[in-house]
Amino acid sequence: QGDTGDFDREVASICPFCGVGCQVSLKIKDEKVKFVEGINGPANEGRLCVKGRFGFDYIHHDHRLTTPLIRRADAPAKGLNVDPGNWQTHFRAASWDEALDAAANGLNAIGGTGVAGFGSAKCSNEEAYLFQKLIRQGFGHNNVDHCTRLCHASSVAALMENVGSGAVTATFNEIENADVAIVIGANPIENHPVAATYFKQFAKRGGKLIVMDPRGQALKRFASHMLQFRPGADVSMLNAIMHVIVAEKLYDQQYIDAYTENWEAEKAHLADFAPEKMTGICGIDAEVLRDVARTFASAKSAMIFWGMGVSQHIHGTDNSRCLISLALMTGQVGRPGAGLHPLRGQNNVQGASDAGLIPMFLPDYQPVGDADVRTTFQEIWQDGGVHPDKGLTVTEILDAVHAGDIRGMYISGENPAMSDPDVDHARAALAKLDHLVVQDIFLTETANFADVILPASAFAEKNGTVTNTNRQVQMGRAALAPPGAAREDWWITVELAKRLGLRWSYSHPRDVFAEMTQVMPSLANITWDRLAAENAVTYPSLSPTDPGQPIVFADGFPRAGGRAKFTPANVIAPDEVPDADYPMILTTGRQLEHWHTGSMTRRSKVLDAVEPEANCSLHPATLRALGAQPGDMIRLTTRRGSIDIMARADRAVAPDMVFVPFAYVEAAANTLTNPAIDPYGKIPEFKFAAVRIEKIADQ
Ligand code: SF4
């Protein structure tokens, strides 16, 4: 209980939007969140961005689901055709028992590999853990995935391969101990705004900030170098930089000898990437590439941050391999101010991945194919074994629906009807399912296709832990009861599991966390009670009183032999290059005010007032050539489909590009995107497609 002058009580919790994981204090008045303040968490030290400060009122929106729903027998054909304020045309209200029975019976009737699950990076660690356990135990296979497949799967693939761990090697706050930092394929001022404040402070105190992005961005004002390279040309640019480091012998031979393998192969591979040769591909002057190489290699301590501009390509894993190689050859891992940091997107995408919402790994990235690992889980889980085969990923699951191999799905807190590439293909798959159970707080685009809808809880209504981009496990606390008959997600998954015949007996998320600590070595020395008392503990924590290690791998890597690996990367063109029919480049991303598919932020008054309308950005010269003005509607067309959208002029966008945010259902960017995937991380190429742009006549 806090000051009751202006509010009735205050409750400490975690911001539900991005992976920075800012700690917040929710001020409650008359059983509503009245306002939010930042508190002194390890990642935010009291700071918040516009989403954390003003984006909370969606939890009180009229569209909240307050009762379980079952599709009416006389409902219109499945499609994107439900008004969330008038769902009675398609659904009827049901009791929890009726809805849970219907959900379980429908999935059970299909059973086995005919059922797949998408869990959520917006739910807690405990909820993610229960979700993957339900699919694995309840249906006997590993067809369970979540949105990590759409954001950093390729980064994780490269990190697992070459470093032996998928998480960051240093917190982003470590930048305060660095003297050089690269930010590539990330736009932190828009997407990780509180992290960006640390980056700006770093630059203001004299740190050299090297920003690499095909699109200009506001961090450019703080940058010592701004490399606006050609979209998709990351590998040529990074290999050229590393070529210079090799040619000028700027690498750290001592570190390489002590902690790495495959250096000679990497060195030989880089011989072909002289800056003069790569300039034509990446569009960056050879002297600039040399200067960046010297600046990075001569740093006492340097960090590399990257985002989805790196990962969302068919060569996303290769992009990350280059960044890892750059850090390894210069010995920039495992020390204060040094490290590799993929900036994680969703608030709990790190935790959901750690908890096993991945088709190839059990919790803590333990391979499903390892018999000893499976035995450990089977002993603790009871009720049947773990299947040894890797499951299908997000896009593979939807392909399997089209092929008729998957007929039932359980989707919690994910919105593939908006978030998947070639979204008409994803929507057609959802419509084709014989039985779809959706658990969410709103009647999302995906819930439009559901047979049963289970009303869930918002972050302010649930207890549970979440893990941010820094590996900080933090305690979220319920400040309010869920509205109407809505329930906490963990409760819903447990009730469903019981109806699938699983002997689960959890009565609180702390029971789930206790089980997680038995199977997840990363959680050693971290307990529910500790988190309740301390709010956050960084993993790994070396003792019951250690707040955790912000920097890892000072003395080697969790790979065979303790060495990290260089994996050479070749230049691979994007899957779909511009041509006469589709002459421009489409790229997609987020905006500061809107979060992912917009289900929450477009229902937040302040955020929606700032950005109320679907929009895309083009260079002013491109708009002029079209004969269009800022504010005009234009049509964007790719081989997948067309959208009509309002155009903005933005000099940060190259003249041959268009940038489209993906939060707007009325002009869904993913109508246009290319579903081609990276062969290792299986991540789609959201950041590059060939597009045609036309002005719409008669406006
Ligand atoms: Fe929330 Fe991220 Fe903003 Fe922090 S930076 S307030 S976690 S959206």
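Residues numbered from 1 in each chain as written. Predicted model: local features only at pLDDT ≥ 70, side-chain atom pairs only at ≥ 80, totals over all residues. Heavy atoms only, no water.

For the chain, the name recorded in an unreviewed UniProt entry is Formate dehydrogenase major subunit, with Yoonia tamlensis as its organism. A UniProt comment under Sequence similarities (unreviewed entry) is attached to the chain, and it reads "In the C-terminal section; belongs to the prokaryotic molybdopterin-containing oxidoreductase family." (UniProt positions renumbered as here; feature names shortened; annotations may be inferred.)

> Outline the packing of helix α3 (residues 125–139) against helix α20 (residues 489–499), listing residues and values.
Two elements in contact, α3 and α20, have axes whose closest approach is 9 Å; the angle formed by their N-to-C orientations is 20 degrees. In terms of axis orientation, α3 runs roughly parallel to α20. You can see that α3 and α20 cross each other, and the crossing is left-handed. The residues of α20 that touch α3, namely those facing Glu127, Leu130, Phe131 and Leu134, are Asp489, Trp490, Thr493, Val494, Leu496 and Ala497. Counted by class, the contact of α3 with α20 contains seven nonpolar, one polar and two charged residues. (Axes fitted to C-alpha atoms, helices over the stretch in contact; angles between N-to-C directions. Helix = DSSP H or I, 4+ residues; strand = E, 2+ residues; numbered from the N terminus. Parallel < 35°, antiparallel > 145°, perpendicular 65-115°, else oblique. Left-handed = near helix turned anticlockwise from the far one by under 90°. Contact = heavy atoms within 4.5 Å. Nonpolar A, V, L, I, M, F, W, Y, C, P; charged D, E, K, R; others polar.)

> Just give me the short version of a nonpolar patch on the surface, but keep the residues and values in it.
A contiguous nonpolar surface patch, about 230 Å² in accessible area, is contributed by Phe54, Val606 and Val610. Examined against the element boundaries, Val610 turns out to sit in helix α23 (residues 605–610). Judged by relative accessible area, which is 46%, Val610 ranks as partly exposed. (Patch = residues over 30% accessible without salt bridge, like charges linked within 9 Å, V, L, I, M, F, W, Y side chains within 5 Å. Areas by Shrake-Rupley, 256 points an atom, 1.4 Å probe, with all protein chains shown as cover. Salt bridge = Lys/Arg side-chain N within 4 Å of Asp/Glu carboxyl O. Buried < 20%, exposed > 50% of the residue type's maximum accessible area, 1.4 Å probe, protein only.)

> An account of the environment of Trp528 is needed here, citing residue identities and associated values.
Tracing the chain through its elements places Trp528 in helix α22 (residues 528–534). On the accessibility criterion, Trp528 (9% relative accessible area) is buried. Separated by 19 residues in the primary sequence, Trp528 and Pro509 have C-alpha atoms spaced 8.9 Å apart. Apart from residues no more than four positions distant in its own chain, Trp528 is found in contact with Glu126, Asn463, Gly464, Thr465, Met475, His508, Pro509, Arg510 and Phe513.

> Provide a residue-level description of the packing of helix α2 (residues 96–110) against α20, including the pertinent values.
For the pair α2 and α20, interaxial distance at closest approach is 9 Å and the crossing angle is 55 degrees. The angle between the axes of α2 and α20 places the two elements in the oblique class. Handedness of the α2/α20 crossing: right-handed. Taking contact as the criterion, the partners of Trp96, Asp97, Leu100, Asp101, Ala103, Ala104 and Asn108 in α2 are, on α20, Trp491, Ile492, Glu495, Leu496 and Arg499. Looking at the contact of α2 with α20, its residues break down into seven nonpolar, one polar and four charged.

> Break down the environment of Trp263 for me, citing the residues and quoting the values.
Mapped onto the elements of the fold, Trp263 is located in helix α10 (residues 263–270). Sequence separation between Trp263 and Arg290 is 27 residues; the distance between their C-alpha atoms is 21 Å. Setting aside chain neighbours within four positions, we find Trp263 in contact with Val246, Tyr251, Gln253, Ile256, Met329 and Phe566.

> How would you sum up α2? Please name residues and give values.
Residues that lie three or four places apart on an α-helix share one face, since the helix turns once every 3.6 residues. With 15 residues, α2 should reach 21 Å at 1.5 Å per residue; the first-to-last C-alpha distance of 21 Å fits that figure. Of the residues making up α2, those classed as buried are Trp96, Ala99, Leu100, Ala103, Ala104, Gly106, Leu107 and Ile110. All buried residues of α2 lie within an arc of 160 degrees about the axis, which places them on one face of the element. Turned more than 90 degrees from where α2 packs its buried face, Asn105 and Ala109 sit exposed. Among the residues trailing α2, Gly111 stands out with phi positive, at a value near 70 degrees. (Expected span 1.5 Å × (residues − 1). Arc of directions from axis to C-beta.)

> Lay out the nonpolar core in plain terms, naming residues and giving numbers.
By size, the foremost hydrophobic cluster in this structure holds 109 residues, and its most contacted members are Leu26, Tyr58, Leu134, Ile175, Phe199, Leu209 and Phe305. Excluding residues within four positions of it along the chain, Leu26 makes contact with Arg9, Glu10, Val11, Ser13, Val33, Phe35, Val36, Phe459, Ala460 and Ala479. Counting 54 residues, the second largest nonpolar core, distinct from the first, contains Phe296, Cys322, Leu326 and Ala564. (Core = buried A, V, L, I, M, F, W, Y, C linked by side-chain atoms within 4.5 Å.)

> Please provide a residue-by-residue account of the sheet that holds strand β20 (residues 472–476), values included.
The strand order across the open sheet built from three strands is β19-β20-β21, with neighbouring strands paired in antiparallel fashion. The open sheet has two edge strands, β19 (464–467) and β21 (536–538), and neither has a second partner. Between one strand axis and the next, the sheet turns by 25 degrees as a mean value, whatever way the strands run. (Pairing = 2+ DSSP bridges.)

> Which residues make up the site of the ligand, and what are the values?
Close to the ligand lie Cys15, Phe17, Cys18, Gly21, Cys22, Leu48, Cys49, Lys51, Gly52, Pro193 and Val194. Elements represented by at least two residues in the shell around the ligand include exactly α1 (50–54) and α7 (193–204). Here the shell around the ligand is built from residues that sort into eight nonpolar, two polar and one charged. (Near = heavy atom within 4 Å.)

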